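# Secondary and tertiary structure notes
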Amino acid sequence: DKPKASAEIKLFDDEFQNVYEALRKIEQLFDLDNAGYHQLNIIGKLVGVDRVVYQATTGVYFGFYNKNPKAVGFEQGPFYNGKEPLFINLELNNNDYRFFIKAKIAQNYMTSTFFDIYQKIDFIFGGNVYITDNEDMSLTLYIRDTYRIDLIRIIKKAGLLPKPQGVRYDSIIMYCNQTFGFHNKNPNAVGFGEGKFAKGVII
């Protein structure tokens, strides 16, 4: 019932509440799925992956789409004269950088068991993906055709796809919901006349 004691208790209580709210705000700011530009840069430094990927993509030059999907038409881009760098550095946007950070986190915590590798692959791509062991020191990655091929290519080039030491990814296959196949390889496969053939990604 002492007014000074009550005031002191309330003062401590208010300060503890302020500290608690500040900590909660930090946790929310650095939530990987919602973090902004600067927060992602800090997370990237902590896990060991840079926002800039060196020589990751081709430059924009005049050309033909069947040879280079990034080519542009007349008066939209310069001719490549052989002197400019064919590949240029790529600064990832927030969504792509978030994808890279997840891949690096998965790699940092990976063990060499097949089950753990599958879990890490599933974590990176958020489901709709699976891998098979070819039993020749290689793996095959099957991934939904909704994912961007260029991003997967850069992830693989950067060595961020989880795998044991000495094992390689033999191929990457893009599949759709109704992919033709055999149930012993893919339980979700459908038969002749019902599904589309999956396509391999050249990486």
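In what follows, the accompanying structure is described. Just so it is clear, the structure is predicted and the values come from calculations on it, not from any experiment.

### Concerning the packing of aromatic side chains
The tally for this structure, following the rule as stated, stands at 3 aromatic pairs. Judged by centre distance (4.8 Å) and plane angle (10°), the ring pair of Y130 and Y142 falls under stacked. Here Y142 lies in strand β4 (residues 138-144) and Y130 lies in strand β3 (residues 129-133), a separation of 12 residues in the sequence.

### Here's the deal with a nonpolar patch on the surface
Where nonpolar side chains cluster on the molecular surface, the patch consists of V19, L23, I26, L29, F30, I42 and L46 and spans about 660 Å² of accessible area. For the nonpolar patch, the elements supplying multiple residues, two or more each, are α1 (3-29) and α2 (37-47). Considering every element that reaches the nonpolar patch, the biggest residue donor is α1, with 4 residues. In this fold, I26 is placed in helix α1.

### Some details on the packing of helix α3 (residues 94-108) against helix α4 (residues 114-125)
Viewed as axis vectors pointing N to C, α3 and α4 meet at an angle of 165°, and their least axial separation amounts to 9 Å. With respect to α4, the axis of α3 lies roughly antiparallel. Relative to α4, α3 is oriented so that their crossing is right-handed. Contacts from F99, K102, A103, I105 and A106 in α3 reach K120, F123, I124 and F125 in α4.

### So, the side chain of R98
Within the secondary structure, R98 sits in helix α3. The side chain of R98 is buried and forms no salt bridge, while D33, the nearest opposite charge, is found at 5.2 Å. Setting aside its immediate chain neighbours within four residues, R98 contacts L32, D33, N34, A35 and L40.

Calculation rules
- Residues numbered from 1 in each chain as written.
- Predicted model: local features only at pLDDT ≥ 70, side-chain atom pairs only at ≥ 80, totals over all residues.
- Heavy atoms only, no water.
- Phe/Tyr/Trp six-rings, centres within 6.5 Å; stacked < 30°, edge-to-face > 60°.
- Helix = DSSP H or I, 4+ residues; strand = E, 2+ residues; numbered from the N terminus.
- Patch = residues over 30% accessible without salt bridge, like charges linked within 9 Å, V, L, I, M, F, W, Y side chains within 5 Å.
- Areas by Shrake-Rupley, 256 points an atom, 1.4 Å probe, with all protein chains shown as cover.
- Salt bridge = Lys/Arg side-chain N within 4 Å of Asp/Glu carboxyl O.
- Axes fitted to C-alpha atoms, helices over the stretch in contact; angles between N-to-C directions.
- Parallel < 35°, antiparallel > 145°, perpendicular 65-115°, else oblique.
- Left-handed = near helix turned anticlockwise from the far one by under 90°.
- Contact = heavy atoms within 4.5 Å.
- Buried < 20%, exposed > 50% of the residue type's maximum accessible area, 1.4 Å probe, protein only.
- Lys, Arg positive; Asp, Glu negative; His and termini not counted.

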